[in-house]
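Here is what each chain is made of, one letter per residue.
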Amino acid sequence: MSYNVVPGVDNRHSAIEMSSASVERPPGRSVRPATAEPAPVRWLLIVVAVGFLTLFLFLPLAAVFAQAFQRGLGPYLAALREPDARSAIRLTLLSAGIAVPLNLLFGVAAAWAIAKFEFRGKSVLITLIDLPFAVSPVIAGLIYVILFGRRGWLGPWLDQHNIQIIFAVPGIVLATIFVTCPLVARELIPLMQAQGREEEEAAVVLGARGWQTFFRVTLPNIKWGLLYGVILCNARAMGEFGAVSVVSGHIRGLTNTMTLHVEILYNEYNFVGAFAVASLLTLLAMVTLALKSLVEWKARQGQAAGPVVAEQP
Amino acid sequence: MSIEIRHVTKTFGTFTALSDVSLEVKTGELVALLGPSGSGKTTLLRIIAGLEVPDCGTILFHGEDATDRRVQDRRVGFVFQHYALFRHMTVFDNVAFGLRVMPRSMRCSKAEIRARVQRLLSLVQLDWLADRYPSQLSGGQRQRVALARALAVEPRVLLLDEPFGSLDAKVRQELRRWLRRLHQGINVTGVLVTHDQEEALEVADRVIVMNAGRIEQIGTPEEVFHHPATEFVMNFLGHVNVFHGRAEGNKAFFGAFELDYPDAPATGSLAIRGFVRPHDLEVDLQPAETTLVEGLVEHIHAAGPRVKLELLTVLGETIQVEISQERYRALGLTRGRRVYVRPREIRVFSDNPSG
């Protein structure tokens, strides 16, 4: 897990404080922990890190908003109110709205199966879950075109029944689900594996039915990891470009998501429009980061152990 | 409630955890399943609880077949080795869990649940910690919360899986005595799994010694300690010295030492092993008719109620002897001293299955 508490950090601080308080410092000799670097090295490292972040993260971020508000608030809002832009926003929300809950279900089910049960083909399932990460999103899009496209394997059958998947909303939703599907499961598997089966066994022995065990014991134990996975999944679903681009067909007002809409506007030299929509995606990213930090903080709070009471029974 | 296990076998892949195990636990009894790790004792406990399904064989609760009964319906209390407390719940909520998940028709009122949980927490002397989370408790406290949680549903059977395994020696001692008293107070049928022979002998009414998926011996603590049925039991229950010898013509011979041995074959000779506990060996400074072996004092450990000696025998083997402090002082033993060892009691086992 990426948000585990680093054990011992606080202890180390207090140990240093204690030693500096109790030990008289010999004059002219600085006390420095063995692992700490001299001040110039530390400053150099900090400057490099901050400089890198400024150049590659903060500047572009600022540039997005600068471009978007280039001609003031009016044109910015107009670009967002434009029917094609609104349709793109709606489509993005729709596909994320379908993909995220489905991935939530899939992720919990897959993580539950992998972490709590032994079965044949488990390692195959773990590998399959990772597949969407290993494959380029463009390839993922192409897979759907080959499957559901007009000349694809299922194309003629779909045609006969008047079902359109490629160059339509269902294709976009499918592609989004594909690229986001490992996110929740990946987050939960290590968490659930680390927690083991004992608490569930304890619940069952105490008379809890399957659903009571899940909602009262399993879910509370994984809720922060789950929320974290959902946040990441949502960010990826809204920001996906490659896979969606292949299956969308770029029909304005119909099959354009926000990312595709940005690209089209940009290619038409409509910078204010492109960056206005882009600024929404940027805001989404910032909200995601804020939520992520909040969840990490909350999870740490939940895990934080109070003082252990040393008492003989 | 009595528990009966009939011909239970359980395998995990190619590993046989239990093979054809049968035993009976009487109502209100506290038995210990004692054995080394991998002997199948925990698997047997989990089968009784319903957490594992036996490959074949039956489990009877109070004479009724419970083999296919669901875990939830068995009404057993299970105390896990690592407590398995619900980490997101307070001590109070942990203990109340079993009462809150009952079907609505059987569930008691909120006030009753509260009263019962308070009663249980004072029984395990933890009522002042009701609002704490498990991570805020010491090991011994967690174990008592786990016990209170298991007792909350008024189980007819209490199963304890190495309950004191991860506690330090002093806490173990106290909890052991406390469990003994608790069991007498609430009169529930109990099965305790342990690899600690001292724990089993001290706590249980009867001890079931297990090895490699089989039962080696069932008996009271006195029986298994003083009359071990097999070499394994002898070896597992405390230190033991092994002497190799042979048996012929109704006699067993260990070098010049001999004793009556009716199991010896009428013709030919049989390889045998004599087992003597350190406290059943006596040390002399002069050879006697009953001397089993002679040796040199190699190490003396006198800090304790009894003196432990390590002797290097003339056969090049190290044996352990335990004598009283008075005897030690009377003999005036020092390192390197030549001594003669005679057994007060020797148990003879042979490869012959009847022995």
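Calculation notes
- Residues numbered from 1 in each chain as written.
- Chains lettered and ligands numbered in written order.
- Predicted model: local features only at pLDDT ≥ 70, side-chain atom pairs only at ≥ 80, totals over all residues.
- Helix = DSSP H or I, 4+ residues; strand = E, 2+ residues; numbered from the N terminus.
- Buried ≥ 20, exposed ≤ 12 C-beta atoms within 10 Å, placed from the backbone.
- Contact = placed C-beta atoms within 7 Å.
- Pairing = 2+ DSSP bridges.
- Axes fitted to C-alpha atoms, helices over the stretch in contact; angles between N-to-C directions.
- pLDDT = per-residue confidence, 0-100.
- Parallel < 35°, antiparallel > 145°, perpendicular 65-115°, else oblique.
- Left-handed = near helix turned anticlockwise from the far one by under 90°.
- Nonpolar A, V, L, I, M, F, W, Y, C, P; charged D, E, K, R; others polar.
- Expected span 1.5 Å × (residues − 1).
- Bend = angle between axes of the 7 residues up to and from the residue.

What about the overall build of chain A?
Each helix and strand counted, chain A has 14 helices and zero strands in total. In sequence order, the secondary structure elements of chain A are arranged as α-α-α-α-α-α-α-α-α-α-α-α-α-α. The buried share of chain A, reckoned over its 313 residues, is 30%. Of the contacts made within chain A by residues no fewer than 6 positions apart, 74% connect residues no fewer than 24 positions apart.

Structural notes on the sheet that holds strand β3 (residues 30-34) of chain B
The strands making up a sheet are joined through hydrogen bonds of the backbone, oriented either antiparallel or parallel. Residue and element names in this part refer to chain B. Strand order in the open sheet made by the six strands is β6-β7-β8-β3-β9-β10, with mixed pairing throughout. Both edges of this open sheet fall to β6 (76-79) and β10 (214-219), since each of them pairs with a single strand only. Mean inter-strand twist for the sheet, computed between neighbouring axes without regard to direction, equals 15°. Summarising the sheet, β3 and strand β9 (residues 206-211) pair through four bridges and their orientation is parallel.

Describing the sheet that holds strand β19 (residues 338-343) of chain B
Residue and element names in this part refer to chain B. With antiparallel pairing, five strands are arranged side by side in an open sheet as β15-β19-β16-β17-β18. The sheet terminates laterally at β15 (281-284) and β18 (318-324), the two strands that pair on one side only. Direction aside, the axes of adjacent strands within the sheet are offset by 45° on average.

Description of unusual backbone geometry
Residues other than glycine seldom take positive phi values, yet Asn162(A) does so here, at roughly 60°. Inspection of the secondary structure puts Asn162(A) in the loop between α7 (155-160) and α8 (169-180). By C-beta crowding, Asn162(A) is classed as exposed, having 6 other C-beta atoms within 10 Å. Its identity as a non-glycine residue notwithstanding, Ala212(B) has a phi of 50°, on the positive side. Look at Ala212(B) and you get partly exposed, because 15 C-beta atoms sit within 10 Å.

Some remarks on the confidence of the model for chain A
All names here are of chain A. Here chain A averages 81 in pLDDT, while 86% of its residues score no lower than 70. Across chain A, element-level confidence peaks in helix α10 (residues 198-205) with a mean pLDDT of 92 and bottoms out in helix α1 (residues 9-22) with 41. Here residues 1-24 is modelled with pLDDT under 50, and outside its nearest four sequence neighbours on either side it reaches 11 contacts, counting other chains as well. Scored below 50 in pLDDT, residues 305-313 shows 22 contacts in the model against residues more than four places distant or in partner chains.

Brief notes about the packing of helix α6 (residues 137-148) of chain A against α8(A)
Residue and element names in this part refer to chain A. Orientation of α6 relative to α8, taken along the N-to-C sense of each, is 135°, at an axis distance of 10 Å. One way to sum up the angle between α6 and α8 is to call them oblique. Crossing hand, α6 versus α8: right-handed. Judged by residue contacts, Pro137, Ala140, Gly141, Tyr144 and Phe148 of α6 engage Gly171, Leu174, Ala175, Phe178 and Val179 from α8. By residue class, the composition of the contact of α6 with α8 is eight nonpolar, two polar and no charged.

Thoughts on helix α2 (residues 39-68) of chain A
Residues and elements named next belong to chain A. Taking 1.5 Å per residue, 30 residues should reach 44 Å; α2 reaches 41 Å between its end C-alpha atoms and fits that length. Maximum bend of α2: about 45°, positioned at Thr54. Little of α2 is tucked away: one of the 30 residues are buried.

Some points on the environment of Ile208(B)
Residue and element names in this part refer to chain B. Note on placement: Ile208 falls in strand β9. For Ile208, a count of 24 C-beta atoms within 10 Å gives the class buried. The contact partners of Ile208, leaving out residues within four places of it in the chain, are Leu23, Val31, Ala32, Leu33, Leu34, Ile215 and Ile218.

Structural notes on the environment of Ala247(B)
All names here are of chain B. Counting through the fold element by element, Ala247 comes out in strand β11 (residues 241-248). In the structure, Ala247 is positioned 21 residues away from Gly268 in sequence and 8.6 Å away in space, judged by C-alpha atoms. Apart from the residues lying within four places of it in its own chain, the contact partners of Ala247 are Ala252, Tyr261, Ala264, Ser269, Leu270, Ile272 and Ser350.

Some words on the confidence of the model for chain B
On average, residues of chain B score 89 in pLDDT, and 99% of them reach the 70 mark or higher. Overall fold confidence for the complex sits at a pTM of 0.76, while the interface term, ipTM, reaches 0.81.

A word on the interface of chain A and chain B
Listed as interface residues are 24 residues of chain A and, on the opposing side, 28 residues of chain B. Among the elements of the structure, α10 and α11 (210-239) of chain A are those that each provide at least two residues to the side of chain A that touches chain B. Top contributing element to the side of chain A that touches chain B by residue count: α10(A), with seven residues. When its residues are assigned to classes, the side of chain A that touches chain B shows 14 nonpolar, five polar and five charged.

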